[in-house]
Amino acid sequence: MWSLTRKMMLARFALVVLPILCLSACGLLPEEIDRTADWSAARLYTEAKSAFNDGNWEEALKFYRRLESRFPYGRYAQQAQMEAAYANWKDGNTAAALADCDRFIRLHPNHPHLDYMYYLKGLITFNDDLGYMGYFSSQDQSERDPKAARESFDTFKELIARFPDSKYAADAEVRLNYLVNALASYEVHVARYYFKREAYLAAVNRSQYVLKNYPSTPAQEEAVFIMMKAYEKLGMEDLRVGAERIMQLNYPDSRLYVEGMERKKAWWELF
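Computed from a prediction, not measured in an experiment: that's the story for all the values here. (Residues numbered from 1 in each chain as written. Predicted model: local features only at pLDDT ≥ 70, side-chain atom pairs only at ≥ 80, totals over all residues. Heavy atoms only, no water.)

### Section: the overall build of the protein
Here is step 1: Broken down by element type, the protein carries 14 helices and zero strands.
Here is step 2: Listing the helices and strands of the protein from first to last along the sequence gives α-α-α-α-α-α-α-α-α-α-α-α-α-α.
Here is step 3: Counting across all 271 residues of the protein, residues that qualify as buried make up 40%.
Here is step 4: If you take every contact in the protein between residues at least 6 apart in sequence, the share linking residues at least 24 apart comes to 57%.
Here is step 5: Total accessible area on the protein is roughly 16,200 Å²; 56% of this is exposed by carbon and sulfur atoms. (Helix = DSSP H or I, 4+ residues; strand = E, 2+ residues; numbered from the N terminus. Buried < 20%, exposed > 50% of the residue type's maximum accessible area, 1.4 Å probe, protein only. Contact = heavy atoms within 4.5 Å. Areas by Shrake-Rupley, 256 points an atom, 1.4 Å probe, with all protein chains shown as cover.)

Following this line, the structure appears as structure tokens:
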């Protein structure tokens, strides 16, 4: 009799406790499931926005995902997609943020705030690689991968072309000009790298690339100087004279005549 009672108690324990343990192990406690089960799209968005405003990106993303999965259509879902992209970026999920931007641009080509999504995408890639502090640092630009900078450049360029009256266009223009200078600087650093390793033809090709693709940038001065010196090393006297003529015409007081191609640290390079 006692044995039978004990068996019944164990059976009841198994029926009641084990399912709860299983749910707990999967992170799916009933309270967690039911807490938002009957929430409206507006309620989910309100909670997401509250977490977003508090900088609680992980919590905000959780609500945005639930909102999109339960209510995939309508203005709340679209707003959730936009804000999820920003939240992913701030949470350090760059790849996810870019994917969110691309998905929104693809799904909503006529959205009234499409310009913002282009701006956000450009901003993410702008800060992902170079950024202002990335450019003004002691790291040689030839050691940096310009892929993100080029992606940011292309995105800001498209934003300005498609939405010239956008409130983000002015800032995009500033960043675009910065990126042009940064990319030109990168190419010159690579040209210098080739020159120092006696790959003079490669140095000339890189310098010519700067002159062709990044006109009116400060980096052109050194690009012409590298060409002049590389032609000298290659024994191409006519081409050297032509490059020197350009230097004297455009940069008669160039510091490069004195310092050469040894890069000097500026005041903002502390280390």
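### Focus: the packing of helix 12 (residues 219–234) against helix 13 (residues 237–250)
Here is step 1: Remark: helix 12 packs on helix 13, axes separated minimally by 8 Å, with the N-to-C direction vectors making an angle of 155°. By the criterion of interaxial angle, the relationship of helix 12 to helix 13 is roughly antiparallel. With respect to the hand of their crossing, helix 12 and helix 13 are arranged in left-handed fashion. Contact residues: Glu221, Val224, Phe225, Met227, Met228, Tyr231 and Glu232 in helix 12; Leu239, Arg240, Ala243, Glu244, Ile246 and Met247 in helix 13.
Here is step 2: Along the lines of polarity and charge, the residues of the contact of helix 12 with helix 13 split into nine nonpolar, no polar and four charged. (Axes fitted to C-alpha atoms, helices over the stretch in contact; angles between N-to-C directions. Parallel < 35°, antiparallel > 145°, perpendicular 65-115°, else oblique. Left-handed = near helix turned anticlockwise from the far one by under 90°. Nonpolar A, V, L, I, M, F, W, Y, C, P; charged D, E, K, R; others polar.)

### Some points on the packing of helix 5 (residues 75–90) against helix 6 (residues 94–107)
Think of two packed helices as two axes; the pair is described by the angle between the axes and how far apart they sit.
Here is step 1: Running from N to C, helix 5 and helix 6 cross one another at 155°; their axes reach a closest spacing of 7 Å. Classified by the angle their axes make, helix 5 and helix 6 are roughly antiparallel. The hand of the helix 5/helix 6 crossing is left-handed. Counting all contacts with helix 5, which are made through Gln78, Gln81, Met82, Ala84, Ala85, Asn88 and Trp89, the residues of helix 6 involved are Thr94, Ala96, Ala97, Asp100, Cys101, Arg103 and Phe104.
Here is step 2: Partitioned by chemical class, the residues of the contact of helix 5 with helix 6 number eight nonpolar, four polar and two charged.

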